[in-house]
Amino acid sequence: MAKINRIRTFAMALVFIGIFIMYIAIFVFSNSPILMSIAMIIGFLSVISSSFVYLWIGMKSTKSVPVTCPNCEKQTKILGKVDVCMHCEEPLTLDPELEGKELDARYNRKNFQS
Ligand SMILES: [Zn+2]
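Residues numbered from 1 in each chain as written. Predicted model: local features only at pLDDT ≥ 70, side-chain atom pairs only at ≥ 80, totals over all residues. Heavy atoms only, no water.

A.B. asks: Could you clarify how one ought to interpret the packing of aromatic side chains in this entry?
C.D. replies: The relation between two aromatic rings is expressed through the spacing of the ring centres and the mutual angle of the planes. Scanning all chains against the criterion turns up 1 aromatic pair. Both rings, one in Tyr-23 and one in Phe-27, keep their centres 4.8 Å apart while their planes meet at 45°; by these two values the pair is tilted. Of the two residues, Tyr-23 and Phe-27 both sit in helix α1 (residues 3-27), 4 residues apart, roughly one turn of that helix. (Phe/Tyr/Trp six-rings, centres within 6.5 Å; stacked < 30°, edge-to-face > 60°. Helix = DSSP H or I, 4+ residues; strand = E, 2+ residues; numbered from the N terminus.)

A.B. asks: So what exactly am I meant to see when it comes to the environment of Ser-50 here?
C.D. replies: As for its placement among the helices and strands, Ser-50 is situated in helix α2 (residues 33-63). Considering only alpha carbons, one finds Ser-50 and Gly-18, 32 residues apart in sequence, at a separation of 9.0 Å. In this view, Ser-50 contacts Ala-11, Leu-14 and Val-15; residues no more than four positions away in its chain are not counted. A distance of 2.8 Å separates a polar atom in the side chain of Ser-50 from the backbone oxygen of Val-47. (Contact = heavy atoms within 4.5 Å. Polar contact = N/O pair within 3.5 Å; in protein donor to acceptor, adjacent residues only side chain to side chain.)

A.B. asks: Help me out: how do you make sense of the pairing of strand β2 (residues 75-78) in this one?
C.D. replies: Side-chain positions along a regular strand alternate between the two faces of the sheet. Only one face of β2 is covered, namely the face carrying Thr-76 and Ile-78; the face carrying Gln-75 and Lys-77 is uncovered. One ladder, built from 4 bridges, connects strand β1 (residues 65-68) with β2; its direction is antiparallel. In the sheet register, Pro-66 faces β2, and the bridge partner there is Lys-77. Once β1 ends, the chain turns through 6 residues before running back antiparallel as β2, passing Glu-73 with a positive phi of about 60°. (Buried < 20%, exposed > 50% of the residue type's maximum accessible area, 1.4 Å probe, protein only. Pairing = 2+ DSSP bridges.)

A.B. asks: Where do I start with unusual backbone geometry in this structure?
C.D. replies: Glycine aside, residues mostly have negative phi angles, and peptide bonds mostly take the trans form. The backbone phi angle of Glu-73 is positive, close to 60°, even though this residue is not glycine. Mapped onto the elements, Glu-73 comes out in the loop between β1 and β2. Of note in the backbone geometry, Glu-89 takes a positive phi value of approximately 65° without being a glycine. Along the chain, Glu-89 turns up in the loop between β3 (82-84) and β4 (91-93). The partly exposed category is assigned to Glu-89, whose relative accessible area is 39%.

A.B. asks: So what exactly am I meant to see when it comes to the nonpolar core here?
C.D. replies: In summary, soluble globular proteins display a tendency toward joint burial of nonpolar side chains. Counting 7 residues, the largest nonpolar core is built from Ile-4, Ile-7, Ala-11, Leu-14, Val-53, Ile-57 and Leu-79. Within the residue set of this core, elements represented by two or more residues are α1 and α2. Looking at which element gives the most residues to this core, the answer is α1, with 4 residues. Sequence-distant contacts of Ala-11, that is, excluding residues within four places in its chain, are made with Ser-50, Val-53 and Tyr-54. Core analysis: the second largest hydrophobic core is formed by 5 residues, Cys-69, Ile-78, Cys-85 and Leu-92 among them. (Core = buried A, V, L, I, M, F, W, Y, C linked by side-chain atoms within 4.5 Å.)

What follows is the structure, encoded as structure tokens:
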């Protein structure tokens, strides 16, 4: 997954986890004010931190470089030196020296994990 999408997914997950924790706080810890307060605070912090992640990815994406993917010929963005196409997951790099072995090794390793 492209870095921007990955971070967005993470921020989205934080929102849902936060809401889930607050839901648990209300319905599971309803007879324990201390546990409920702690869970509410954790859930709240989770939602707040996701806003910061969104803010951060917003700033990051202004620094990303728009390119046309050589594989699927759609517009995508590169974050950092090495990233993958948002549409077809084609590995892309801005640094010509990184083309070849290093990139291959990285993506092979990723494939082994999944
Ligand atoms: Zn592509």
